[in-house]
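# Observations on the model geometry
Residue-level listing of the chains:
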2 protein chains.
Amino acid sequence: MTFPEDYKDRVQKINEQLMHSFDVIQDKNLKAAMAHYPAAGGKRLRPLLATIACEAVGGEPNTALPFGVALEMVHNFTLVHDDVMDEDQTRRGIKTVHAAYGVPEAILSGDALFARAFEVVLDSDTKDHDLVKLVEILARSVRLLAEGQQMDMDFENAKNVTSDEYMKMIELKTAVLYQAAAQGGAICGGAPKSEEKALAEFGRLMGLGFQIWDDVLDLLSDEETFGKPVLNDIRNGKKTLVVVQALEDLKGPDRTELLSTLGNEKAPKEALIRARDILDEVGAIDHATKVADGLIKQAKEQLSAVKDSKHKTALMAFADFMVKRKT
Amino acid sequence: MTFPEDYKDRVQKINEQLMHSFDVIQDKNLKAAMAHYPAAGGKRLRPLLATIACEAVGGEPNTALPFGVALEMVHNFTLVHDDVMDEDQTRRGIKTVHAAYGVPEAILSGDALFARAFEVVLDSDTKDHDLVKLVEILARSVRLLAEGQQMDMDFENAKNVTSDEYMKMIELKTAVLYQAAAQGGAICGGAPKSEEKALAEFGRLMGLGFQIWDDVLDLLSDEETFGKPVLNDIRNGKKTLVVVQALEDLKGPDRTELLSTLGNEKAPKEALIRARDILDEVGAIDHATKVADGLIKQAKEQLSAVKDSKHKTALMAFADFMVKRKT
């Protein structure tokens, strides 16, 4: 099977369950704010990963659907709250929740999304022992996501961020949910401990690769393809692996010029492009791309613990997609 | 046993488990923000209720301690977020979390408190089937709390709020956690379904009584005893049962005068006192007190489903305390 082309029906099913999960919410405003991002679409990578991991260990994909949908809800809840914290006004072409509904509604709807995610998992037809494990993964993931967001906020004011610190941050802020998806999917599929562990590591590694590639896309893509403004990370002074690596390697006027543009919200487009070129010339974009590719390779090696099947092949394609995608 | 005097050691134990639950948090700022309210003390009514309900059905109180602590964490998480939404700068004599640490930290630490609450429950030595029920109660409670906070926010802009709407709001915003405490405690104690149901209803009714009495205290107490500014609800235009009832009954100049003071942040102290006197003279304070007393009476009647014991006596005293307390 190829990814993601062969999973269009499944994405539709995920979307149905996702939107259906808001039916229980009584208040119209609260419901609308909760559904604001989910209704705007998305690739649904986390639910897809959960269901395909479930199949790869011999399970029926629907058994992992509630857990996958819950992860998507958690992902959306963190987007809502992060956007408030970062004071971002738009996300992928639509107003952020707080821009559309106000900060109180954004905080509240995020909380409700999080609570509802647990209910969705618990609603599923899974035996108690596995439910406990799934809920543990969900709770632990959000606690770690909060630590990751904290690191990300600290980076904004940090003079110096090492590549190790960057990797730790994206592990917490991004990889944790992919790890949860693959591990939870394996649990739903009744995987033995060895396969559950290998799939958890598969998810973690591909999550890391995903995030580094996301940072590269901000530099290499054009706005139309990427679906959001490019070179934004430079404007916001985001300490991505590309930037962290470049600052470790650069000396002299190039370093000075890069530093003067990083985080300068008023930097003209030419300065942003020049900064991108500096990052390119010092080899930092190439370095990050290689790191991402290496992580995906390592991720795929984990799959040797899982029996060959078309679903395992799909997981391989999934991992490759993480660093091939243009959006 | 008398309440709360005989439970000082237990409160200390609750506080230890509560503060201990933050040990796992790596980031110092995040940990400090999470612990800000819990470290400031509190009556720990929800954990106390959980553990005494557990004893009243024949259980060992420690088995309900993690669930009780989790409820206290959820309670604190909602305080942190509600304070951001309401833009309150102080809470019971200390700075609110966002006033002390900033809005982003307050949102994030609230999220982390919520996530950690689930982990604390799951860490407890309870069989899987009961764990699933406890987690379900916790998730459902937070979803309903969010609906209650939404109603409360809507009330601020509502021209007319009925006493039915007010009761629905405090059911969601306050009673839900007391219901959860008593029901969860019963589950931890291995109660049969009939006792679990009766205790859930006991908690719900005493939670309603608690909130109505809280609103009355704002009008009758002095700042030193109450531990927070009094007549604040009038200044903030809060639609309490007292106010809602008074507006249903009042006509003429008294009504006009009350309406001109309600929600007037610049109202002088004399105007606030005059508004309080109007509420008193129309019988609305007395009415609310009677409603609270009636709810506590109904709550205690639920306990007929539970065998007599000193713990049942303690629950009776607990219920009475809800409308006798001065703070």
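Here's what I pulled together on the structure shown here. Just so you know, these numbers come straight off a predicted model, no measurement behind them.

## Here's the deal with the overall build of chain A
- Each helix and strand counted, chain A has 16 helices and two strands in total.
- The C-alpha radius of gyration of chain A comes to 20 Å, within 12% of the 20 Å expected for a compact globule of 327 residues.
- Considered along the principal axes of its C-alpha atoms, chain A spans approximately 60 × 50 × 30 Å.
- Within chain A, the proportion of its 327 residues that are buried is 54%.

## Description of unusual backbone geometry
- The omega torsion across Phe3 of chain A and Pro4 of chain A is 0°, close enough to zero to call that bond cis.
- Note on placement: Pro4 of chain A falls in the segment before helix H1 (8-20).
- One non-glycine residue, Glu87 of chain B, lies in positive phi territory at about 55°.
- With respect to the helices and strands, Glu87 of chain B occurs in the loop between helix H4 (65-86) and strand E1 (90-91).
- Despite not being glycine, Arg92 of chain B has its phi angle at roughly 45°, a positive value.
- Along the chain, Arg92 of chain B turns up in the loop between E1 and strand E2 (94-95).

## What to know about the packing of helix H9 (residues 193-220) of chain B against helix H15 (residues 284-302) of chain B
Residue and element names in this part refer to chain B.
- Here H9 crosses H15 at 160°, and the two axes come no closer than 8 Å. Considering the angle they form, H9 stands roughly antiparallel to H15. Handedness of the H9/H15 crossing: left-handed. Mapping the contact onto sequence places Ala198, Glu201, Phe202, Leu205, Met206, Leu208, Gly209, Ile212, Trp213, Asp215, Val216 and Leu219 in H9 and Ile285, Ala288, Thr289, Val291, Ala292, Leu295, Ile296, Gln298, Ala299 and Gln302 in H15.

## Remarks on the nonpolar core
- With 227 residues, the main nonpolar core has Ala53, Val121 and Leu138 of chain A together with Ala53 and Leu138 of chain B as its most contacted residues.
- Beyond its immediate sequence surroundings of up to four residues, Ala53 of chain A is in contact with Ala182, Gly185, Ala186, Leu199 and Leu315 of chain A.

## Things to note about the relation of the copies chain B and chain A
- After a rotation of 180° and a shift along the axis of 0.0 Å, chain B superposes on chain A with an RMSD of 0.0 Å. Taken together, these values place the two copies in the relation of a two-fold axis. Scanning chain B for the C-alpha nearest the rotation axis identifies Asp128 of chain B, at a separation of 2.9 Å.
- Comparing contact sets, 100% of the residues at the interface of chain B also lie at the interface in chain A, consistent with an isologous, same-surface contact.

## Notes on the packing of H1 of chain A against helix H4 (residues 65-86) of chain A
All names here are of chain A.
- The interhelical angle for the contact between H1 and H4, taken along N-to-C directions, is 70°, at an axis separation of 10 Å. It follows from the interaxial angle that H1 and H4 lie roughly perpendicular. Handedness of the H1/H4 crossing: right-handed. Contacts between H1 and H4 involve Lys13, Ile14, Gln17 and Leu18 from the former and Leu65, Gly68, Val69 and Glu72 from the latter.
- Looking at the contact of H1 with H4, its residues break down into four nonpolar, two polar and two charged.

## Comments concerning the interface of chain B and chain A
- The partner chain A presents 33 residues to the 33 residues of chain B that form the contact.
- For the side of chain B that touches chain A, the secondary-structure elements that each account for two or more residues are helix H2 (28-35), H4, helix H6 (103-122) and helix H7 (128-157) of chain B.
- By residue number, the principal contributor to the side of chain B that touches chain A is H7 of chain B, which donates 15 residues.
- Taken together, the residues of the side of chain B that touches chain A break down into 18 nonpolar, six polar and nine charged.

## Quick notes on the environment of Glu248 of chain A
- Mapped onto the elements, Glu248 of chain A comes out in helix H12 (residues 241-249).
- Along the chain, Glu248 of chain A and Thr162 of chain A lie 86 residues apart, while their C-alpha atoms are 8.1 Å from each other.

## Considering H12 of chain A
All names here are of chain A.
- The element H12 is extensively covered by neighbouring structure, given that seven of its nine residues are classed as buried.
- Those residues of H12 that fall on the buried side of the exposure criterion are Leu241, Val242, Val243, Val244, Gln245, Ala246 and Leu247.
- In this structure, the buried residues of H12 make contact with helix H8 (163-188), helix H9 (193-220), helix H13 (252-261), helix H14 (269-281) and helix H15 (284-302).

## Remarks on the environment of Lys8 of chain A
All names here are of chain A.
- Along the polypeptide, Lys8 turns up in helix H1.
- For Lys8, a count of 9 C-beta atoms within 10 Å corresponds to the exposed category.
- When the C-alpha atoms of Lys8 and Pro61 are compared, they prove to be 14 Å apart, with 53 residues separating the residues in sequence.

## Considering helix H3 (residues 45-56) of chain B
Residue and element names in this part refer to chain B.
- The end-to-end C-alpha distance of H3 is 16 Å, a good match for the 16 Å that 12 residues give at a rise of 1.5 Å each.
- Listing the buried residues of H3 in full gives Leu45, Arg46, Pro47, Leu48, Leu49, Ala50, Thr51, Ile52, Ala53, Cys54, Glu55 and Ala56.
- Of the residues trailing H3, Gly58 is marked for its positive phi of about 95°.

## What about the environment of Ala56 of chain A?
Residues and elements named next belong to chain A.
- Along the chain, Ala56 falls in helix H3 (residues 45-56).
- When the C-alpha positions of Ala56 and Leu303 are compared, they lie 9.5 Å apart, and in sequence the two are 247 residues distant.
- In contact with Ala56, not counting residues within four places along its chain, are Val306, Ser309, His311, Lys312 and Leu315.

Cut-offs applied
Residues take numbers from 1 onward in each chain, read along the sequence in its written order. Whichever chain is written first becomes A and whichever ligand is written first becomes 1, with later ones labelled in order. The predicted origin of the model limits local features to residues at a pLDDT of at least 70 and limits the giving and counting of side-chain atom pairs to 80 or more, whereas totals for whole chains, interfaces and linings rest on all residues. A run of DSSP states H or I qualifies as a helix once it reaches four residues; a run of E qualifies as a strand once it reaches two. Both are numbered from the N-terminal end. For the radius of gyration, the atom set is restricted to C-alpha positions; the globular benchmark scales as 2.2 Å times the number of residues to the power 0.38. Labels follow a simple rule on C-beta atoms placed from the backbone: if 20 or more others lie within 10 Å of a residue's own, it is buried; if 12 or fewer, it is exposed; otherwise it is partly exposed. For every element, the axis is a line fit to its C-alpha atoms; helices are fit only across the contacting stretch, and the angle between N-to-C directions ranges from 0 to 180 degrees. Each angle is binned into one of four classes, with values under 35 degrees roughly parallel, values over 145 roughly antiparallel, values of 65 to 115 roughly perpendicular, and all other values oblique. Crossings are assigned a handedness: left-handed for a near helix turned anticlockwise from the far helix by less than a right angle, right-handed for a clockwise turn. Contacts here follow a simple rule: the backbone-placed C-beta atoms of the two residues must lie within 7 Å. What we call a nonpolar core is a set of buried Ala, Val, Leu, Ile, Met, Phe, Trp, Tyr and Cys residues whose membership is set by joining through C-beta atoms within 7 Å. Least squares is used to superpose the copies, and the fit set is the C-alpha atoms of residues whose pLDDT is at least 70 in both copies. Each residue gets one label: Ala, Val, Leu, Ile, Met, Phe, Trp, Tyr, Cys and Pro are nonpolar, Asp, Glu, Lys and Arg are charged, and the others, such as Gly, are polar. To estimate the expected span of a helix, count its residues, drop one, and scale the result by 1.5 Å.

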